[in-house]
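# Chain and residue survey
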Amino acid sequence: MKTYNIAVLGGDGIGPEVVAGAIAVMNHIAQKRGFAFEFKNYLAGGCAIDAVNDPMPQETIDGCKASDSVLLGAVGGEKWDTFPSHLRPETGLLRIRAELGLFANLRPAQLFKELADACPLKPRLIENGLDVLVVRELTGGIYFGDKGRDETSGYDTLKYSDYEIKRIAKVAFEVAMKRNKNVVSVDKANVLESSRVWRKFVEEVAKDYPEVKQSNMYVDNAAMQLVRNPGQFDVIVTGNMFGDILSDEAAMITGSIGMLPSASLAEGSFGLYEPVHGSAPDIAGKGIANPIATIMSVAMMFRYSLDLMEEADMIENAVAKAIAQGARTADIAVEGEKVLSTDEMTQRIIENL
Ligand code: IPM
Ligand code: MG
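Let me sum up the structure you'll find in this document.

Rules of the game
- Residue numbers restart at each chain and count upward from 1, following the sequence in its written direction.
- Each chain gets a letter, beginning with A, and each ligand a number, beginning with 1, in the order they are written.
- Only residues with pLDDT of 70 or above have their local features reported here, since the model is predicted, and side-chain atom pairs are shown and tallied only from 80 upward, although totals for entire chains, interfaces and linings are computed over all residues.
- With hydrogens and water set aside, each side-chain value is computed from the structure's full complement of heavy atoms.
- Any carboxyl oxygen of Asp or Glu that lies within 4 Å of a side-chain nitrogen of Lys or Arg is treated as forming a salt bridge with it.
- Secondary structure elements are taken from DSSP: a helix is a run of H or I of four residues or more, a strand is a run of E of two residues or more, and numbering for both begins at the N terminus.
- Accessibility here uses a 1.4 Å probe with only protein chains present; expressed as a share of the type maximum, an area under 20% marks a residue as buried, one over 50% as exposed, and anything in between as partly exposed.
- For this description, a residue counts as near a given molecule or strand if any of its non-hydrogen atoms is within 4 Å of it.
- Here a polar contact means two N or O atoms within 3.5 Å. Within protein one must be a hydrogen donor candidate and the other an acceptor candidate, and residues neighboring in sequence count only if both atoms are side-chain atoms.
- Every accessible area reported is derived by Shrake-Rupley at a probe size of 1.4 Å, with residue values counting cover from the shown protein chains alone.
- In the scheme used here, Gly and all other residues not listed as nonpolar or charged are polar, with Ala, Val, Leu, Ile, Met, Phe, Trp, Tyr, Cys and Pro taken as nonpolar and Asp, Glu, Lys and Arg as charged.
- Paired strands, in this sense, are two strands between which DSSP finds at least two bridges.
- By convention, orient the strands away from the viewer: a clockwise path from the first strand over the helix to the second makes the crossover right-handed.

### Focus on the pattern of salt bridges
- Considering all chains together, one arrives at 20 salt bridges under this definition.
- For the salt bridge of R303 with D313, the shortest nitrogen-to-oxygen distance reads 2.9 Å. Here D313 lies in helix α10 (residues 309–324) and R303 lies in helix α9 (residues 292–304), a separation of 10 residues in the sequence.
- Given a relative accessible area of 24%, R303 falls into the partly exposed group.

### Considerations on the site of ligand 1
- In the vicinity of ligand 1, the contacting residues are E90, R97, R107, R136, Y143 and D244.
- Here an oxygen atom of ligand 1 sits 2.9 Å away from a polar atom, N or O, in the side chain of D244.
- Summarising the interface, the protein chains cover 71% of the accessible area of ligand 1, which totals 320 Å² for the free molecule.
- Class assignment of the residues belonging to the shell around ligand 1 gives a composition of one nonpolar, no polar and five charged.

### Overview of unusual backbone geometry
- Phi is positive for N53, close to 65°, though the residue is something other than glycine.
- By the secondary structure assignment, N53 is in the loop between α2 (46–52) and α3 (58–65).
- Taking relative accessible area as the criterion, N53 reaches 53% and is therefore assigned exposed.
- The phi dihedral of A280 is positive, around 40°, even though this residue is not glycine.

### So, the pairing of strand β8 (residues 182–187)
- A large share of β8 lies buried, amounting to six of its six residues.
- Residue alternation in β8 divides its side chains into two sets, N182, V184 and V186 and V183, S185 and D187, and both sets are buried.
- Note that β8 and strand β9 (residues 213–218) share six bridges and pair parallel. The partner of N182 across the bridge, within β9, is K213.
- Once you follow β8 into helix α6 (residues 193–206) and on to β9, the crossover reads as right-handed.

As structure tokens, this is what we get:
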């Protein structure tokens, strides 16, 4: 029987709880469709700092490299916020992105129409729904440039080279071909040299995709346009830091940041999949976290890494059905609605598979 090896990094807070929901869904589908998953758990984030004094142990990285795909819950929490930089969960996250070569971060921001009330924008702005995909460069730019500090100053370097820009642009155009064929590249080319180079090479890649409409936008304007008229966007491609900021903004305007999945892809088909939300320590251990973002991340894993297209659709349809039937965890329930636990929501989705 075909068996996929999945490295599981549950992480901190609600991470392990939402991951458990995703694994239940994966096992159910595998059984139904005649294949299998083998899951191996590894330490990552705060729990790894506590256990082995390293936010991303080598064993975890090796385990991920040996797997077909990686499922991550969430890392971090107040407890580790005051730790020195090399002992912070965030540092572990950056390390695994670099070590696994996860240069392309796909963050879809999609509105579930039944949850439109949660959207903070005026209803007329989302009449036609909302479906933006932020494609964020994840292993370069200011996050990974030369940096340093002394007593009175600090600096970080923002540098992008042709190959980094071309490969992320290619990912953006490829996914745009399967969507609405519209790519907006976001930069700050009126000020930054790195952005001028960015723009040059994005436009070069655009020539290979004549069917895709490509335009450029300054990041300040993009931040404004996202709340003024989000319907104008299909795919946004941008650098590491701008993508960090704009993907949070795009997620929030759907009103359901707790529902959104993400994929971090390497060259080829390898990837790491995780919910966009964090470890939510305030509700950890209560069994009330919303597992949908993680379950939707599994759909992305099926589609981008495991070539299980039908099964990916099955998951997304089952989630949409559960929502349409009124299944709600606490984060998305409005007053008077019955609130489901993490396990109950998972079961509702499984019933709809
Ligand atoms: C994200 C997070 C991370 C980032 C942090 C935790 C390092 O904000 O994945 O968006 O900035 O990339
Ligand atoms: Mg972020």
